[in-house]
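Per-entry structural report
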Amino acid sequence: MFSLFKKKNKPETKPRFCCWVLNYRCMFRCRMCRIWDVCDNEKTETTLEEKKKFVRSLRGLVDPGFEFHLSGGEPLLTEGLFELIRFIHEEGHKTNLVTNGFLVNKTVAEKLIDSGLGTLTFFVNGSAATTHDVLRGMAGSHQKIMEALEHVDGFKDRKLRMAVLTTIMEKNLDEIPDLVERVQRDKRLEMISFQAVTQPFGEEMDADWTRKEKNSALWPQDPSKVSELMRQLRELKKKGYKIGNHPDHFLQFNDYFLAPNKFLRKVKCNLGDYEFHVDPYGKVFFCCLMDPIGNIKTGSLPVMWSAPQTKKTREAVYACRENCHIMANCFFEPEVPAQGEKKA
């Protein structure tokens with residue numbers, strides 16, 4: 001999370017959000033991701049019972065409304081996924097699963113609905129099938145999402161919500177307005193949310209990655225075009241369109257696209273206030289650049305959350321001035337400025 005305003009003096013006392021990466025495996029070869037290129041050891045991933053133990057440990061620590069954001073890789077490749085989602089649901093927590101949609105046939109759709117999943121989010125990176133397929137590195141992937149929407153919607157008594165997540169980048173800039181309009185008209189879809197393209201996962205951090213020729217299809221080349229798009233999206237959100245981002249998030253996206261390194265350095269990181277991450281092997285952390293605060297295989301989150309070492313990690317996060325490429329998308333939540341302060 002980052003804020004438009006001054007960070008709170010004290011961190012949240014309870015976690016409210018968990019971003020849980022269930023695996024690093026994926027059949028796609030997305031140009032803006034490369035998480036599939038991360039060295040993955042399936043044998044050391046957390047087991048279903050270890051996952052359940054972790055979820056169970058949240059009893060008494062979190063309030064109603066706590067949410068799990070389940071992702072990958074492709075999370076549908078995770079063994080025991082439907083049982084895990086059902087267990088999380090029965091524990092009273094919210095769930096959102098982000099998928100490329102390729103594996104969502106009628107049977108999978110029914111299992112997801114029966115599991116009690118709250119929201120199923122599809123990554124859609126273009127209104128044109130060719131654009132989406134090229135960016136995702138999988139022929140026919142756009143059509144698979146269209147079929148998945150039909151499969152889920154075919155269960156008329158479903159309570160499962162569906163949404164779209166889109167990465168803003170050079171290759172799809174011209175298609176985003178049309179994609180927003182399509183989502184707006186599609187009664188099956190709850191919303192569309194946006195994130196800005198960042199340096200692909202699995203690569204060494206490079207402040208000059210936006211200038212590399214290999215990334216010319218990712219990083220927007222015309223500043224005036226991207227600024228106009230951010231203005232349009234902000235106005236559409238303010239008009240009531242089904243856009244998940246706060247309208248001011250598009251102001252931050254614009255600053256990021258105009259000067260990524262300058263923008264990132266001026267933003268103060270608030271990770272550790274109320275959210276945490278869990279990786280496929282059970283490591284719990286606030287920031288991927290910091291050491292983990294524990295592991296769900298061997299520890300309890302309530303103990304980790306209040307441990308002296310965790311406090312030191314939080315302080316390190318707050319003090320960090322690393323030009324982290326994740327900051328553009330990291331849990332944007334504008335806050336009411338303190339009395340006497342002005343909006344930044």
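Computed from a prediction, not measured in an experiment: that's the story for all the values here.

Per the secondary structure count, the protein includes 11 helices and 9 strands. If you line up the protein on its principal axes, its C-alpha atoms span 55 × 50 × 40 Å. Taking contacts inside the protein between residues at least 6 apart in sequence as the whole, the part at least 24 apart equals 75%. When the accessible surface of the protein is summed, it comes to about 16500 Å², and 50% of that surface belongs to carbon and sulfur atoms.

With that out of the way, let us pick up the environment of proline 15. Tracing the backbone through its elements, the reader meets proline 15 in the segment before β1 (17-21). For the pair proline 15 and lysine 52, spaced 37 residues apart in sequence, the C-alpha separation works out to 18 Å.

Looking now at the pattern of salt bridges. Inspection of every chain in the model, using the stated rule, returns 15 salt bridges. By sharing partners, the salt bridges in this structure join Glu150, Asp186 and Arg188 into a single network.

Judged by nonpolar contacts, the single largest core of 83 residues is most densely connected at Trp20, Phe54, Phe68, Ile168, Phe194, Leu233 and Phe276. Sequence-distant contacts of phenylalanine 68, that is, excluding residues within four places in its chain, are made with Cys18, Trp20, Phe54, Val55, Leu58, Ile88, His93, Lys94, Thr95 and Asn96.

Here histidine 249 shows up in helix α8 (residues 249-258). Separated by 3.2 Å, the side chains of histidine 249 and asparagine 245 make a polar contact.

Because an α-helix packs 3.6 residues into every turn, residues spaced three or four apart end up facing the same way. In this model, helix α11 (residues 308-319) (12 residues) spans 17 Å end to end at C-alpha, consistent with the 16 Å of a helix rising 1.5 Å per residue. When α11 is considered as a whole, its buried residues turn out to be Thr310, Thr313, Arg314, Val317 and Tyr318. Taken end-on, α11 shows its buried residues confined to a sector of 140°, consistent with a single buried face. More than 90 degrees from the buried face of α11, the exposed residues found are Pro308, Gln309, Lys311, Lys312 and Ala319. The elements touched by buried residues of α11 are α10 (301-306).

Three or more residues of helix α4 (residues 129-136) are buried, namely Thr131, His132, Asp133, Leu135 and Arg136. Lining the buried residues of α4 we find β4 (119-123) and α5 (141-153). Of the residues trailing α4, glycine 137 is marked for its positive phi of about 70°.

With 5 of 5 residues buried, β1 is to be regarded as a mostly interior element. Every second residue of β1 is oriented toward a common face, with Phe17, Cys19 and Val21 on one face and Cys18 and Trp20 on the other, all of them buried. Here 5 bridges tie β1 to strand β2 (residues 67-71), and the two strands are oriented parallel to one another. For tryptophan 20, the partnering residue across the bridge sits in β2 and is leucine 70.

If you walk through the whole model with that rule in mind, you get 15 aromatic pairs. The interplanar angle of 80° and the centroid separation of 5.2 Å between the aromatic rings of phenylalanine 66 and phenylalanine 68 together place this pair among those described as edge-to-face. Owing to a relative accessible area of 2%, phenylalanine 66 belongs among the buried residues under this scheme. Phenylalanine 68 sits in the buried class, given a relative accessible area of 0%. Arranged with centres 5.9 Å apart and planes meeting at 65°, the rings of phenylalanine 250 and phenylalanine 253 form a pair that is edge-to-face. One end of the pair, phenylalanine 250, and the other, phenylalanine 253, are both in helix α8, 3 residues apart, so they sit about a helical turn from each other. Across from the ring centre of phenylalanine 102, 5.2 Å away, lies the NZ or CZ of lysine 144, which sits over that ring. Between the NZ or CZ atom of arginine 314 and the centre of the ring of tryptophan 305, over which it lies, the distance is 4.7 Å.

Let us look at the environment of lysine 242. Among the secondary structure elements, lysine 242 is positioned in the loop between α7 (223-238) and α8. Sequence separation of lysine 242 and arginine 185 is 57 residues, and the distance between their C-alpha atoms is 9.5 Å. Residue contacts for lysine 242: discarding those within four places in its chain leaves Val183, Gln184, Asp186, Leu189, Glu190, Met191 and Ile192.

Here the structure, examined in full by the defined rule, presents 0 disulfides. With no disulfide partner, cysteine 18 has as its closest neighbouring cysteine sulfur the one in cysteine 19, 7.1 Å distant. Left unpaired, cysteine 288 is separated from the closest cysteine sulfur, that of cysteine 287, by 4.8 Å.

With that out of the way, let us pick up the pairing of strand β7 (residues 275-278). Working note: regular strand, side chains alternate between the two faces of the sheet. Neither face of β7 is open: one carries Glu275 and His277, the other Phe276 and Val278, and all of them are buried. Looking at chain direction, β7 and strand β8 (residues 283-285) are connected through 2 bridges and run antiparallel. Bridge pairing in β8 links valine 278 to valine 284. Between β7 and β8, which follow one another and run antiparallel, lie 4 residues, and glycine 282 among them has a positive phi close to 95°.

Calculation criteria
- Residues numbered from 1 in each chain as written.
- Predicted model: local features only at pLDDT ≥ 70, side-chain atom pairs only at ≥ 80, totals over all residues.
- Heavy atoms only, no water.
- Helix = DSSP H or I, 4+ residues; strand = E, 2+ residues; numbered from the N terminus.
- Contact = heavy atoms within 4.5 Å.
- Areas by Shrake-Rupley, 256 points an atom, 1.4 Å probe, with all protein chains shown as cover.
- Salt bridge = Lys/Arg side-chain N within 4 Å of Asp/Glu carboxyl O.
- Core = buried A, V, L, I, M, F, W, Y, C linked by side-chain atoms within 4.5 Å.
- Buried < 20%, exposed > 50% of the residue type's maximum accessible area, 1.4 Å probe, protein only.
- Polar contact = N/O pair within 3.5 Å; in protein donor to acceptor, adjacent residues only side chain to side chain.
- Expected span 1.5 Å × (residues − 1).
- Arc of directions from axis to C-beta.
- Pairing = 2+ DSSP bridges.
- Phe/Tyr/Trp six-rings, centres within 6.5 Å; stacked < 30°, edge-to-face > 60°.
- Lys NZ or Arg CZ within 6 Å of the ring centre and 35° of its normal.
- Disulfide = S-S within 2.5 Å.

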